[in-house]
Amino acid sequence: MFEFNETLEQARQRNIHDALLEDIGTGDWTAMLVPKRNVKAQLIIRQAAVLCGVDWFEGTLKKLDPQAKISWYYMEGDFMKPDTTVCDIQADSQALLSAERTCINFLQTLSWTATITRQYVDAIAGASPNANGCAVLDTRKTLPGLRQAQKYAVRVGSGQNQRLALWHGILIKENHIAAAGSVSAALKNAEALNAGVDIQIEVENFAELEEALAAGAKSVLIDNFTTEQMKQAVAFTAGRALLEASGGINLDQMRAIAATGVDRISLGKLTKDVNAVDFSMRVLG
């Protein structure tokens, strides 16, 4: 359908272009009220959070002022303390005021994803009996246009990515199974594609799990299983396939789920339930 699969850098440049286009359009009338000169500013963080989105912030400002200088007090992935300075900025006054909202929009959104991911990763530390541990993954429930950015933020928050997009892997869900006729038929069709990507199948009960394993599934998503059912699934699978738990999981459930021995836990809320980390920019003169 399309001629290429977008890289993170390509996505970042598109994000910046689109965000500035929608905010500035043909011009920022309010910024034109300010004398054009070099000014200093500080970015302050008002709450505890993980920093994410530095390249989006810098890329946005430097799109309008290539000579802008930004000195960061925190590095990408660092935990920021409330009411501390995140960075110092020197830039053209009009460019800074035009870019301010867009710069912060990127930072507040991506820092939130990184922060909540870190919370979920920390919640299961040391809980898994699995020799390989238990990974925290995102899903494709991302904000339109920000898929690569939010997936990147999950990695900054110490999580891992489920497939990046439809081109990146095969995930056979209940509607695919229904359309194909059965779990085994769907798996057979997936193998026949020879797509060179990972194949995962979602199951909703033990009968489907047994059928998937018999058909040679190597990665199984167990959807809406109870923790007791997850333990049974781990014992039944006995290492024949990777098991991933999903289905409306919240922070309070994480340790118990990791303790079942599943390999992965995937959570849509890392990217779809978005809040804004509280940043504030102040021009110093």
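Residues numbered from 1 in each chain as written. Predicted model: local features only at pLDDT ≥ 70, side-chain atom pairs only at ≥ 80, totals over all residues. Heavy atoms only, no water.

Chemist: Explain helix H3 (residues 93-123) here, please?
Modeler: Residues that lie three or four places apart on an α-helix share one face, since the helix turns once every 3.6 residues. Between the first and last C-alpha of H3 there are 43 Å, a value that for 31 residues agrees with the 45 Å anticipated at 1.5 Å per step. Remark: the principal bend of H3, roughly 45°, maps to Ala99. For H3, the side-chain oxygen to backbone nitrogen distance between the N-cap and Gln94 is 3.1 Å, and the N-cap itself is Asp92. (Helix = DSSP H or I, 4+ residues; strand = E, 2+ residues; numbered from the N terminus. Expected span 1.5 Å × (residues − 1). Bend = angle between axes of the 7 residues up to and from the residue. Polar contact = N/O pair within 3.5 Å; in protein donor to acceptor, adjacent residues only side chain to side chain.)

Chemist: Whenever I open this one, the side chain of Ser111 confuses me. Can you help?
Modeler: Among the secondary structure elements, Ser111 is positioned in helix H3. Taking the relative accessible area as the measure of exposure, Ser111 reaches 0% and is therefore buried. Within the structure, Ser111 has its side chain in polar contact with the backbone oxygen of Leu107 (distance 2.8 Å). Residues within four places of Ser111 in sequence aside, it is in contact with Val50, Leu51, Cys52, Val277 and Phe279. (Buried < 20%, exposed > 50% of the residue type's maximum accessible area, 1.4 Å probe, protein only. Contact = heavy atoms within 4.5 Å.)

Chemist: Quick question: what am I supposed to make of the state of the cysteines here?
Modeler: Defined simply, a disulfide is a covalent bond joining two cysteines at their sulfur atoms. This structure, assessed with the given rule, holds zero disulfides. Sulfur of Cys103: no disulfide; nearest cysteine sulfur belongs to Cys87 and is 8.9 Å away. Cys103 sits in the buried class, given a relative accessible area of 2%. (Disulfide = S-S within 2.5 Å.)

Chemist: Is there a simple way to explain the sheet that holds strand E12 (residues 279-283) in this structure?
Modeler: Sheet strands associate in pairs through backbone hydrogen bonding, adopting either a parallel or an antiparallel arrangement. Strands sit in the order E3-E5-E1-E12 across an open sheet of four strands; the sheet is antiparallel. Bordering the open sheet on either side are strand E3 (69-72) and E12, each of which pairs with just one other strand. Averaged over neighbouring strand pairs, the angle between their axes works out to 20° when direction is ignored. Direction of pairing for strand E1 (residues 38-45) relative to E12: antiparallel, over a ladder of five bridges. In the sheet register, Gln42 faces E12, and the bridge partner there is Arg282. (Pairing = 2+ DSSP bridges. Axes fitted to C-alpha atoms, helices over the stretch in contact; angles between N-to-C directions.)

Chemist: Before we go on, may I ask you to explain the sheet that holds strand E7 (residues 170-172) in this structure?
Modeler: Strand order in the open sheet made by the six strands is E6-E11-E10-E9-E8-E7, with parallel pairing throughout. In this open sheet, the two strands that pair with only one neighbour each are strand E6 (135-137) and E7. Shown here is a sheet whose adjacent strand axes are inclined to one another by a mean of 25°, direction ignored. Examined bridge by bridge, E7 and strand E8 (residues 199-203) share three bridges and lie parallel to one another. Paired with Leu171 across the bridge in E8 is Gln200.

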